[in-house]
Protein chains: 4
Amino acid sequence: MIIVIKPGTSPQEIDRINQELSRPNLKTETSLGKHKVVIGLVGDTNELNPEQIQAISPCVENVLQIKQPFKRASLEFRHGEYSEVVVSTPNSEVAFGKNAPLVNVAGPCSVESEQMILDTAFQLKAAGAQFLRGGAYKPRTSPYDFQGHAELALEWLATARQETGLGIITEVMDAAELNAIAEVADVIQVGARNMQNFSLLKKVGAKGKPVLLKRGMSATIQEWLMAAEYILAAGNPNVILCERGIRTFDKQYTRNTFDISVIPVLRELTHLPIMLDPSHATGKSQYVASMALAAIAAGTDSLMIEVHPNPAKALSDGPQSLTPEQFYLLMEEMKVMAMAVGRSWK
Amino acid sequence: MIIVIKPGTSPQEIDRINQELSRPNLKTETSLGKHKVVIGLVGDTNELNPEQIQAISPCVENVLQIKQPFKRASLEFRHGEYSEVVVSTPNSEVAFGKNAPLVNVAGPCSVESEQMILDTAFQLKAAGAQFLRGGAYKPRTSPYDFQGHAELALEWLATARQETGLGIITEVMDAAELNAIAEVADVIQVGARNMQNFSLLKKVGAKGKPVLLKRGMSATIQEWLMAAEYILAAGNPNVILCERGIRTFDKQYTRNTFDISVIPVLRELTHLPIMLDPSHATGKSQYVASMALAAIAAGTDSLMIEVHPNPAKALSDGPQSLTPEQFYLLMEEMKVMAMAVGRSWK
Amino acid sequence: MIIVIKPGTSPQEIDRINQELSRPNLKTETSLGKHKVVIGLVGDTNELNPEQIQAISPCVENVLQIKQPFKRASLEFRHGEYSEVVVSTPNSEVAFGKNAPLVNVAGPCSVESEQMILDTAFQLKAAGAQFLRGGAYKPRTSPYDFQGHAELALEWLATARQETGLGIITEVMDAAELNAIAEVADVIQVGARNMQNFSLLKKVGAKGKPVLLKRGMSATIQEWLMAAEYILAAGNPNVILCERGIRTFDKQYTRNTFDISVIPVLRELTHLPIMLDPSHATGKSQYVASMALAAIAAGTDSLMIEVHPNPAKALSDGPQSLTPEQFYLLMEEMKVMAMAVGRSWK
Amino acid sequence: MIIVIKPGTSPQEIDRINQELSRPNLKTETSLGKHKVVIGLVGDTNELNPEQIQAISPCVENVLQIKQPFKRASLEFRHGEYSEVVVSTPNSEVAFGKNAPLVNVAGPCSVESEQMILDTAFQLKAAGAQFLRGGAYKPRTSPYDFQGHAELALEWLATARQETGLGIITEVMDAAELNAIAEVADVIQVGARNMQNFSLLKKVGAKGKPVLLKRGMSATIQEWLMAAEYILAAGNPNVILCERGIRTFDKQYTRNTFDISVIPVLRELTHLPIMLDPSHATGKSQYVASMALAAIAAGTDSLMIEVHPNPAKALSDGPQSLTPEQFYLLMEEMKVMAMAVGRSWK
């Protein structure tokens, strides 16, 4: 249930309304949008009578039920106003959102050495990326495959962050590593395989740092938004949703199926910002450019693209990685595309 | 197996090479591309010795094996040259292909009355479409649902063709109706449910008219190209491939999943032109615009978009139909997008 | 809508009720079950008032709405009584149904020669099968693969039928072949790829011969029953439903996924008899035995099993074919299993 | 790579062979089967020369490569001998395996109260079950749904274990709860959503307690075996594989698709014991009995069935739960089925 407050209502009156609503088994959350203030109510809302709430104050404009099973994640919860997730990086604050410039995240699947990640980071920065992605802990299908350089890789990422000023996005696989990761990462990634690792979601939610939530390989859109809800319900409003391809019946030519229509669907359902990852979706570097352009055309807020200095020798995901040079050229095309659809570009 | 002929070879010499290759269980097909001539061989090619073929004439540049199970449909069969399917419509010749202008097909799911189809056709023409689509025979899940106005609808389509000069695309469901349809249609559509109706494919192939082959709801890309191969093998080189959404595990918000990455995948595999149908893929009119733009950004040659004068009262597929006004506005956006990716627009 | 008639009602009164119900846009179908008579109404039933129908005769016990989109195929349409499809074979009448003995269908994917099909037929008969299956017309993914021996194969099947007395099941792919097939076949098969070839369904329905309707590779259960409804609506009540594996995300070890829980699901939804085909479902002969036993344990009415005299040399589907010896041994196990679940065995 | 030792080789000689093989980056694991001893080698086996290993001792019968990506989980790793996972429960030791009696696990989705779980446990024991399942920590799609009674539920399970002597199977969702769970559980369950939570798999593997590894909703069989490999590689050989339904395109009538053919497939690939869970697979109690019988017919080693004293009032998964009375009757049928396929019953 949400309570829309009339424009111009004083903070004192909003506080008073919040206090009036206070009861066990009910949480209130106030969203200060650009044009309106909305108080969301989550919990035992069944006992609440909209008319009684309306009567609390003349500043209450409207009381509305949220019909979706996801509450805080729903667009209704913010009364139609899209949220902006603002991330502080050394270079600047970067905002993810429908009305923000396109955000570009790039980097290798895994951090392979200090030199490699530093060199890559400088090239990505030169190409215009705002974030460096790179795995310190890697979820690998086989226990015998390279599992990431762990703490060492986190240190190298910290160096790359310091040297280039790029923001860092890296994946958490185990709550035990959360503190170490949070010291380096500007955005913490929850990977597709852990999208329904509810314990991890709660802990990541409690941590407060912005979270990039990748869609599970066969997660429905509703399950994905419910996973976001776990993070939001734990008190962390800074969630970015990342589509990275779904599993379907045909895997002969692409690794996954790029579900690009999530963009208009999510716009109807949620206020959260959207990222698309054409590299994991297709699994082949030669398909990344056209899919990145398509994602911008369809309205994505952000892109994640795998870039490796030497894809042929990558320890993981080489076939889907662009070279820094390819990425540079793609960024030029992406800029043109962003302009064509009226998306600003930093 | 294909034989690449040296540039400047005389038609007489090409004829002579063809005759030298003539044997039972082997068919030759000569493609006259812009820059080269290629003779394709299909049949018992196992017995053929590339060196012997090379020795037939000094004008033979190269002899190559085709490794794909689809032969005539493969890009190799034309030695990397994309084909153009040229369709004669009353207004003009319209070419479908990688290097041709974007082709726009629009119209209602089914032809509901003469007035309705005429009015719609004029509006689509005004908006810039080159083809009118509309079903005379409708494949409906239930035998009790409206099955199309059949011959009557064909007559109305003929009138719309004559009055507006638009080309006509309509679906064949039964070989018995093929002649009647071929008299009206400029392009004959084989629907998703009949993509592996091999008897129909052979007969449509024998007919000679251009064919729009929709991808089956759960057809792999390879199966789709093998279905095209049935038409090509029956002697009809004019096949256009149309992606219209595939069936996956999530149907809650979209009717199907729009498999947009078929565009770069098909470009690697086949010389045939590509069409995308965002209306059937998403099943909701509010998602069509962003998906149409994404398809152009990804490089489609053509779009098929459902338009109905009054979607709320449509006899079928109303929820996914744009109004003519919405289509007009979308065409404006599509034009901008086409320019942004360097696709010409007529 | 169905009208349940009181036990003991005279045929004359039933006729009279039927006449009272007669109107345009409405069809009545009388089912004479073992324990009750039910009149089904299909068409514009919205205008019908159950109370008025009740008032037609004191012999009307009950008037009920059918909520499913499939009407004639629904279990409600026969008021909970399962139908029996009785097929006349030279040897005897064979009934398919929940309360009939298990029916065993076996044979090769395609009829390869007269000798081959005759030898196989005799061995299958010796093992206890009642039907010989074998393709004369084969739906093959590639136009260059063996397409079946066509009319010649039909002749050989006719010989096998005459010599062994087994019933014949063979697939129709094209309505043009329907008459020729109907002369030989005791049951006409509509294959998975044609499950939504509605033109063919209508024509097969009009023909009257019993029909085996295979489930499409990615057809939902509801779509499958709607396809059966096309046949039933065309006037043919003799439809058997055959599950043959569905397409899912994992094809590494089995060709399809054997959807065995269709058995209890169909029992709730439809009165039609059920067949299971573990050969196409798994695609590997070594998995057929355990899946055939599981199907009997789950309550199937019938099994279709691929058997080839020399699987290694089969022109199609060799890897999933049992040898006649393996089939003989499996039949022994199946008999034990049938007894364990109380299914009679002929 | 595995080394098969000749029958009758002394333990001293086996030790000596193990020592000869000792080198960094290589682990050896000796399996003492009933008929043979096999030494498995995992790690950098590329440098090993089979002939040199053969030369280590005349007691080496054979040296074989394992071609599967899963090593310890592969059937080859034990040279074709199926493993037995023996679990100590208060009542007795219970063995899971191809040659062991059928093991029956039953219980509610979640442990709702001490009384509820005690009553249920006594009824299940009376019906012949050997294990009680029940969730203390529940993975729920929504953060607002009942999440389980946690530690309290573990205490109640401990009481039920003590009172009835049944073994306990309960799910771990978070490594932080592993110790508490391991004190109560005889078998620790890793749920479908955590099948690729590799951190958890490693920790559960290090713990040593028998593990029930549920297949992920859209995990391929190979991914499932690779997940088992994580546990085995961490030193825990006691893994049971549990199929619980996969996600496909059709969810209208069943919650998931019961992939019953995993039974013969797993038998070819792995030595690990197999459990089937028809309750989660179908999601409807009325389908459980036929699917449980089918699973036994297909050769499962074990069944997991949801039973709740009052399904209509269950806090989770009520629709798929049997009552204790229904379970009792099903056990009677299952016994008959086990006998029909030659599976012993305790």
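Given the structure is predicted, the values throughout are model-derived calculations rather than measurements. (Residues numbered from 1 in each chain as written. Chains lettered and ligands numbered in written order. Predicted model: local features only at pLDDT ≥ 70, side-chain atom pairs only at ≥ 80, totals over all residues. Heavy atoms only, no water.)

Engineer: Describe the pattern of salt bridges, and please don't skip the residues or the numbers.
Structural biologist: Summed over the entire model, instances satisfying the criterion amount to 60 salt bridges over all chains. A salt bridge links B:D145 to B:R140; its shortest N-O distance comes to 3.8 Å. For B:D145, a relative accessible area of 32% corresponds to the partly exposed category. For C:R343, the salt bridge is made with C:D301, and the minimal N-O distance between the two is 2.8 Å. Note that C:R343 is positioned in the segment after α11 (324-340) and C:D301 in the loop between α10 (285-297) and β14 (302-306), a separation of 42 residues in sequence. One salt-bridge network, in which partners are shared between bridges, spans A:R215, A:E243, A:D259 and B:D250. (Salt bridge = Lys/Arg side-chain N within 4 Å of Asp/Glu carboxyl O. Buried < 20%, exposed > 50% of the residue type's maximum accessible area, 1.4 Å probe, protein only. Helix = DSSP H or I, 4+ residues; strand = E, 2+ residues; numbered from the N terminus.)

Engineer: I'd like a description of the sheet that holds strand β7 (residues 103-107) of chain B, backed by residues and values.
Structural biologist: What links the strands of a sheet is backbone hydrogen bonding, and the strands pair in either a parallel or an antiparallel sense. All names here are of chain B. Pairing is parallel in the closed barrel, where eight strands are placed in the order β7-β8-β9-β10-β11-β12-β13-β14. Strand-to-strand twist of the sheet, defined as the mean angle between neighbouring strand axes without regard to direction, takes the value 25 degrees. Direction of pairing for strand β8 (residues 131-133) relative to strand β9 (residues 167-172): parallel, over a ladder of three bridges. If you follow L132 over to β9, its bridge partner there is I168. Against the sheet, helix α10 (residues 285-297) makes contact with β13 (274-276) and β14 (302-306), and its axis sits at roughly 170 degrees relative to β14, the strand it touches most. (Pairing = 2+ DSSP bridges. Axes fitted to C-alpha atoms, helices over the stretch in contact; angles between N-to-C directions. Contact = heavy atoms within 4.5 Å.)

Engineer: Break down the relation of the copies chain D and chain A for me, citing the residues and quoting the values.
Structural biologist: Once chain D has been moved 0.0 Å along the axis and rotated by 180 degrees, it coincides with chain A to within an RMSD of 0.1 Å. Accordingly, the operation relating the two chain copies is best matched by a two-fold axis. Taking C-alpha positions as reference, the residue of chain D nearest the rotation axis is D:S218, located at 3.2 Å. A shared interface surface links the copies, since 100% of the contact residues of chain D are contact residues in chain A too. (Least-squares fit on C-alpha atoms with pLDDT ≥ 70 in both.)

Engineer: An account of the packing of helix α3 (residues 114-127) of chain A against helix α4 (residues 150-164) of chain A is needed here, citing residue identities and associated values.
Structural biologist: Residues and elements named next belong to chain A. Running from N to C, α3 and α4 point in directions that differ by 35 degrees, and their axes come no closer than 9 Å. Regarding α3 and α4, the two cross each other, and that crossing is right-handed. The segment α3 lies against α4, with E114, I117, L118, A121, F122 and K125 engaging W156, L157, T159, A160, E163 and T164. (Left-handed = near helix turned anticlockwise from the far one by under 90°.)

Engineer: Please provide a residue-by-residue account of the interface of chain D and chain A, values included.
Structural biologist: Counting from both sides, the interface comprises 33 residues of chain D and, opposite them, 33 residues of chain A. Of the roughly 2700 Å² buried where chain D meets chain A, counting both sides, 49% is carbon and sulfur surface. The interface formed by chain D and chain A includes four salt bridges. For A:K203, the salt bridge is made with D:D174, and the minimal N-O distance between the two is 2.7 Å. For the pair chain D and chain A, the interface holds 23 residue pairs in polar contact (both at pLDDT 80 or more). Elements supplying a minimum of two residues to the side of chain D that touches chain A: α6 (198-207) and α7 (221-233) of chain D. The greatest single-element share of the side of chain D that touches chain A, amounting to five residues, is contributed by α7(D). (Buried area = accessible area lost by both parts, 1.4 Å probe. Polar contact = N/O pair within 3.5 Å; in protein donor to acceptor, adjacent residues only side chain to side chain.)

Engineer: For the domain arrangement of chain A, give the residues involved together with the corresponding values.
Structural biologist: A common measure of how large an interface is: the accessible area buried when the components associate. What the domain assignment lists for chain A is domain 1 (2-65) and domain 2 (85-340). Distance between the C-alpha centres of domain 1 of chain A and domain 2 of chain A: 36 Å. (Domains from an automatic or database assignment.)

Engineer: Can you explain the environment of D:A219? Please cite residues and give values.
Structural biologist: Looking at where D:A219 falls in the secondary structure, it is placed in the loop between β11 (211-214) and α7. On the accessibility criterion, D:A219 (5% relative accessible area) is buried. Sequence separation of D:A219 and D:T248 is 29 residues, and the distance between their C-alpha atoms is 11 Å. When sequence neighbours within four positions are dropped, the list of residues in contact with D:A219 reads A:R247, C:F249 and D:M195.

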